[in-house]
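Spelled out, the chains give:
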Amino acid sequence: MAREEIKQVGESKSNGTQITLRDIVNIFWANRWWFVISVLICLLLAVLYLKKTPKTYARTASVLVKSQKGGGTGMSQTAMFQDMGVFGMMASDVNNEFYVFKSYKLMADVVNRLNLTVNYFAQGRFRKFNIYNITPIKASFVDANPNYGFSVRAKVLSDSTLQLFGYKEAGNKFNCNGAAPVNIKLSDTVDTPVGRVHFVPTDHITEYLGQTIDIVKSGFKATVLNYLAKVTVSIADRQASVLNLSMRDVSENRAEDVLNTLIDAYNAEAQSDKNIVSKSTEQFINDRLEVINEELGAVDADIASFKSSAGLTDVTTETSGYQAEGSEYRRSGLAIENQLAIARQIQGYINNPANRNQPLPSNLGLDAGIESQISQYNNLLLQRNKLFASSSEKNPLVQDLDAQLIPLKQTIASSVNNLVSSLSIQAGNVRSREAMTRGRVAAIPRQQNSLMSKERQQKIKEELYLYLLNKREENALSLAMTESNIKVIDYAKGPLAPVAPKSTFILAIALLLGLAIPAILFWLLDILDVSVRGRRDVEDAISAPFLGEIPKKADMEGRQIVVREDGRDSISEAFRIIRTNMDFMNVSNGQKQVVMFTSQTPGNGKTFVSTNLAVSFAQTNKKIILVDTDIRKATIETLVKKDGDSKMVNGLTSYLSGKIDDVSQIIHRGAFSSKLDVIFAGPIPPNPTELLMTDKLATLVNELKKSYDYIFLDNVPSGVVADASIVNKLCDLTIFVIRAGVMDRRLLPEVEKLYKEKTLKNLCVVLNSTEQKKSGYGYGYGYGYGYGYGYGYGYGYGYGAEEYEGKKKKSWLHKLAEKIPFLKRFVNKRHHNTHRW
């Protein structure tokens with residue numbers, strides 16, 4: 001029924017008929033039960049999907065990447081290098097930190113801190129829930145391989161007892177499938193098929209008494225990669241140095257913890273990287289202090305021993321005059337010797353292959369240019385080591401930094417060598433001048449001269465020792481004041497409502513699918529169905545007169561005679577309309593006494609139409625005789641023959657073959673109605689065409705014309721055998737029966753050709769087995785009493801409640817079909833295939 005209405009809408013479009021919104025509403029309303037059922041099923045499936053799908057929450061954190069000009073030792077040095085143009089080819093700070101946040105190493109630290117490889121699930125009504133923050137127990141797998149995945153189920157028996165069972169593992173690593181359940185005590189380390197496990201109760205243990213918890217351990221690498229895929233890092237604005245860290249997870253608390261821990265791990269790593277230079281400098285100073293302390297102690301012991309052995313006392317007053325001249329040289333010499341000693345130590349440190357990828361000591365009071373170069377080298381080396389730790393030497397950024405480090409280190413080494421040479425020359429000049437001064441004290445005993453030399457060495461060691469102590473304190477202060485590269489704008493936060501699945505969207509899609517599925521189904525049935533669908537198909541393809549249409553009634557199936565004399569049902573009224581319209585037919589010879597019934601193919605219901613129309617005419621006190629000229633099948637006789645009766649009665653073939661010469665002997669009265677006479681086909685002959693071609697058929701028709709007002713000839717289909725053309729020569733009117741839902745629409749042009757070429761005399765059309773439409777676009781097929789009997793049309797005929805004699809009890813399928821129009825169509829179609837009218 002739904003298909004018919006949708007087809008008619010399509011036909012209206014092709015014919016240029018305007019379709020109103022009311023027509024579309026009527027189509028949906030006529031099939032509302034089908035659409036309601038489809039919508040309910042889709043909505044139910046959508047609700048089940050929403051119930052079974054875990055809800056996903058979104059969390060976002062924001063951090064500000066500080067400019068390297070913002071302060072701090074490392075920051076200021078990098079800014080100085082940028083001003084010098086050294087880092088002109090490097091990526092921006094924001095892009096660098098973008099990749100740091102997405103590094104495997106950083107996420108591995110987060111997974112370790114939060115123990116994300118172990119997850120806990122509790123069974124709900126429709127699905128399992130992740131209980132990340134409210135788990136009743138915490139499990140530690142002591143012997144488990146970090147990259148092995150397995151699961152175990154734990155039932156909380158009490159606040160101190162668990163039952164373990166349901167061991168499963170990937171690849172049968174532990175051979176624990178089918179292991180028997182075991183009861184254990186909490187807070188104990190127990191042996192299980194998956195190794196030693198330590199369970200610790202939490203504050204939520206009492207909330208899960210009697211419930212089963214699924215404990216799932218995932219591989220470490222797989223877990224790290226999983227969370228790397230979940231975390232999204234994006235630049236908030238190209239004009240700002242702000243990064244947004246986003247994550248979606250079924251547990252909102254876990255998403256917040258992962259993002260916040262990721263930020264903390266980044267800060268810890270960033271501070272550790274920045275402290276590498278300070279710690280390296282601290283180690284260098286400590287090592288030098290230890291050496292100088294030993295040397296200073298040896299000098300002090302040497303002076304004491306020398307004074308004791310030489311018997312020297314305080315001779316300052318004796319040498320003050322001479323020493324005044326050389327005091328300035330000594331002060332200058334001390335400073336030069338100090339710088340020369342440090343320069344040589346730096347020179348040895350640089351040339352040592354063991355320190356190839358180690359930061360150079362800085363802030364030791366050397367030349368400002370050399371200190372600047374050392375700071376620049378250390379910053380480049382830190383960036384190179386950080387990239388190398390998360391990639392390899394083949395990384396283009398690592399290779400680029402190596403290309404910058406090699407010439408820079410060579411420049412530093414050259415500068416230090418030049419400084420050593422320069423200081424050596426200055427020291428030589430000071431010593432020569434000092435030697436001249438010592439010559440002036442030739443009168444002083446040689447022992448005193450040696451003492452002065454030893455005391456000078458003592459002062460050099462003391463000043464160097466104090467200088468290194470001061471630098472160690474400065475380095476410790478710098479280490480304590482190191483700050484992070486980022487500033488947290490917002491820690492992880494997000495909406496309370498889940499972001500997926502989107503309930504409103506899914507329900508809306510389900511609603512649309514519920515409406516679209518039956519509509520698409522109707523459309524597919526429409527384009528696949530090539531049968532005649534209704535009166536419009538016939539009238540669009542055939543120009544022959546249209547006598548009327550006979551509606552289909554499910555409860556009339558199996559009954560051959562459905563016309564009743566006082567019947568007020570739609571089928572009886574339809575035959576009355578056809579009977580009336582026949583009176584208005586204009587035929588060429590002016591007579592309509594002999595009427596032949598035929599069709600294009602078998603199964604169109606010509607016998608049903610002929611017998612019931614004959615009964616309808618008989619009810620008007622007309623003398624009617626029905627002749628079965630389909631002598632190949634003898635259909636009419638089978639309708640009245642009792643079960644088990646195989647004897648063929650005398651009929652048309654008996655007369656045509658000459659076995660019976662008296663026409664009255666083949667006429668049967670009361671077969672279908674007391675007012676209707678019938679001539680059956682008789683025994684089926686071997687040569688039906690030859691019998692029909694004899695003159696005896698014309699003789700029979702002429703004899704019947706004398707006694708009857710109408711002679712109805714139920715003939716064979718015209719498109720199958722030639723019998724129809726032979727019999728049609730004796731007819732005045734040809735009624736061509738077309739059955740809706742059975743005859744192929746592609747055969748309608750053949751019928752039009754029969755009409756145009758006048759192959760069949762005075763051809764007119766009757767449409768059989770049409771659907772009764774309650775509403776929708778197109779012709780209305782219900783019959784309503786009192787609305788007129790216009791030619792060829794019957795709009796709205798029907799008497800309301802219809803009564804049928806001998807009505808069969810309705811099956812459950814028929815009762816359901818009455819409520820669902822779409823199902824009703826298939827039930828009726830099944831009966832079409834079972835009962836050929």
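Residues numbered from 1 in each chain as written. Predicted model: local features only at pLDDT ≥ 70, side-chain atom pairs only at ≥ 80, totals over all residues. Heavy atoms only, no water.

Topic: unusual backbone geometry
Cis rather than trans, the peptide bond between Ala 500 and Pro 501 has omega equal to -5°. Within the secondary structure, Pro 501 sits in the loop between strand E13 (486-493) and helix H13 (503-528). A positive phi is found at Ser 187, a non-glycine position, where the angle reads about 70°. In this structure, Ser 187 sits in the loop between strand E7 (182-185) and strand E8 (189-192). (Helix = DSSP H or I, 4+ residues; strand = E, 2+ residues; numbered from the N terminus.)

Thoughts on the confidence of the model for the chain
Residue-level pLDDT values for the chain average 78, and 79% of them are 70 or greater. Every residue in residues 1-17 is under pLDDT 50, and counting partners more than four places away or in other chains gives 53 contacts. Within the model, pLDDT remains below 50 along residues 774-810, and this stretch shows 103 contacts once partners closer than five positions in the same chain are excluded. (pLDDT = per-residue confidence, 0-100. Contact = heavy atoms within 4.5 Å.)

A closer look at the pairing of strand E18 (residues 676-679)
Regular strands have side chains that alternate between both faces of the sheet. The alternating pattern of E18 places Leu 676 and Val 678 and Asp 677 and Ile 679 on opposite faces, both of which are buried. Two elements, strand E16 (residues 624-628) and E18, share four bridges in a ladder whose sense is parallel. Following the sheet pairing, Val 627 is matched in E18 by Ile 679. Judged from the three bridges that link them, strand E17 (residues 667-669) and E18 form a sheet pairing that is antiparallel. What sits directly across from His 668, in E18, is Val 678. (Buried < 20%, exposed > 50% of the residue type's maximum accessible area, 1.4 Å probe, protein only. Pairing = 2+ DSSP bridges.)

With respect to the nonpolar core
Judged by nonpolar contacts, the single largest core of 43 residues is most densely connected at Leu 704, Ile 711 and Ile 738. Among the elements that take part in this core, helix H20 (residues 695-707) stands out by supplying four residues, more than any other. Excluding residues within four positions of it along the chain, Leu 704 makes contact with Ile 625, Val 627, Val 663, Ile 667, Ile 679 and Ile 711. (Core = buried A, V, L, I, M, F, W, Y, C linked by side-chain atoms within 4.5 Å.)

A closer look at the packing of helix H6 (residues 104-114) against helix H7 (residues 220-230)
The N-to-C vectors of H6 and H7 enclose an angle of 110°; their axes lie 9 Å apart at closest approach. Regarding the angle of H6 to H7, the classification is roughly perpendicular. Of the two elements, H6 crosses H7, and the hand of that crossing is right-handed. Only Phe 220, Lys 221, Thr 223, Val 224, Leu 225, Tyr 227 and Leu 228 of H7 make contact with H6, whose side of the interface consists of Tyr 104, Met 107, Ala 108, Val 111 and Asn 112. Here the residues of the contact of H6 with H7 are counted per class, giving nine nonpolar, two polar and one charged. (Axes fitted to C-alpha atoms, helices over the stretch in contact; angles between N-to-C directions. Parallel < 35°, antiparallel > 145°, perpendicular 65-115°, else oblique. Left-handed = near helix turned anticlockwise from the far one by under 90°. Nonpolar A, V, L, I, M, F, W, Y, C, P; charged D, E, K, R; others polar.)

A word on the packing of aromatic side chains
One pass over the full model with this rule turns up ten aromatic pairs. Centre to centre, the rings of Phe 101 and Tyr 266 are 4.6 Å apart; their planes meet at 20°, and the pair counts as stacked. In this pair, Phe 101 is assigned in helix H5 (residues 93-101) and Tyr 266 in helix H8 (residues 252-310), connecting sequence segments 165 residues apart. By the burial criterion, Phe 101 is buried, and Tyr 266 matches it. On the basis of an interplanar angle of 55° and a centroid distance of 6.3 Å, the ring pair of Tyr 710 and Phe 712 is categorised as tilted. (Phe/Tyr/Trp six-rings, centres within 6.5 Å; stacked < 30°, edge-to-face > 60°.)

A short note on helix H16 (residues 606-618)
Across its 13 residues, H16 extends 18 Å between first and last C-alpha, which sits within 8% of the 18 Å expected from 1.5 Å per residue. Counting buried positions along H16 yields 13 of 13 residues, so the element is predominantly enclosed. (Expected span 1.5 Å × (residues − 1).)

Overview of a nonpolar patch on the surface
Taken together, Ile 37, Ile 41, Leu 44, Leu 45, Leu 48 and Phe 126 make up a surface patch of nonpolar side chains, about 510 Å² in accessible area. Tracing the backbone shows Ile 37 in helix H3 (residues 32-52). (Patch = residues over 30% accessible without salt bridge, like charges linked within 9 Å, V, L, I, M, F, W, Y side chains within 5 Å. Areas by Shrake-Rupley, 256 points an atom, 1.4 Å probe, with all protein chains shown as cover. Salt bridge = Lys/Arg side-chain N within 4 Å of Asp/Glu carboxyl O.)

Topic: the sheet that holds E17
Neighbouring strands of a sheet are bound in pairs by backbone hydrogen bonds; such pairs are parallel or else antiparallel. Read from one edge of the open sheet, eight strands run E14-E21-E20-E15-E19-E16-E18-E17, paired in mixed fashion. Strand pairing shows two members of the sheet lacking a second neighbour, strand E14 (546-551) and E17, which therefore form its edges. Averaged over all pairs of adjacent strands, the angle between strand axes in this sheet comes to 25°, irrespective of strand direction. Across the sheet, H16 lies against E14, strand E15 (594-598), E16, E18, strand E19 (710-714), strand E20 (733-739) and strand E21 (763-770), angled at about 165° from E19, the strand it touches most.

What to know about the pairing of E19
Counted residue by residue, E19 has five buried out of five residues, so it is predominantly covered. Because side chains alternate across E19, one face comprises the buried residues Tyr 710, Phe 712 and Asp 714, and the other comprises Ile 711 and Leu 713, equally buried. Summarising the sheet, E15 and E19 pair through four bridges and their orientation is parallel. Bridging from a neighbouring strand, Val 595 pairs with Phe 712 of E19. As judged from the five bridges shared by E16 and E19, these two strands associate in the parallel manner. By the bridge assignment for E19, Leu 626 is matched with Phe 712.

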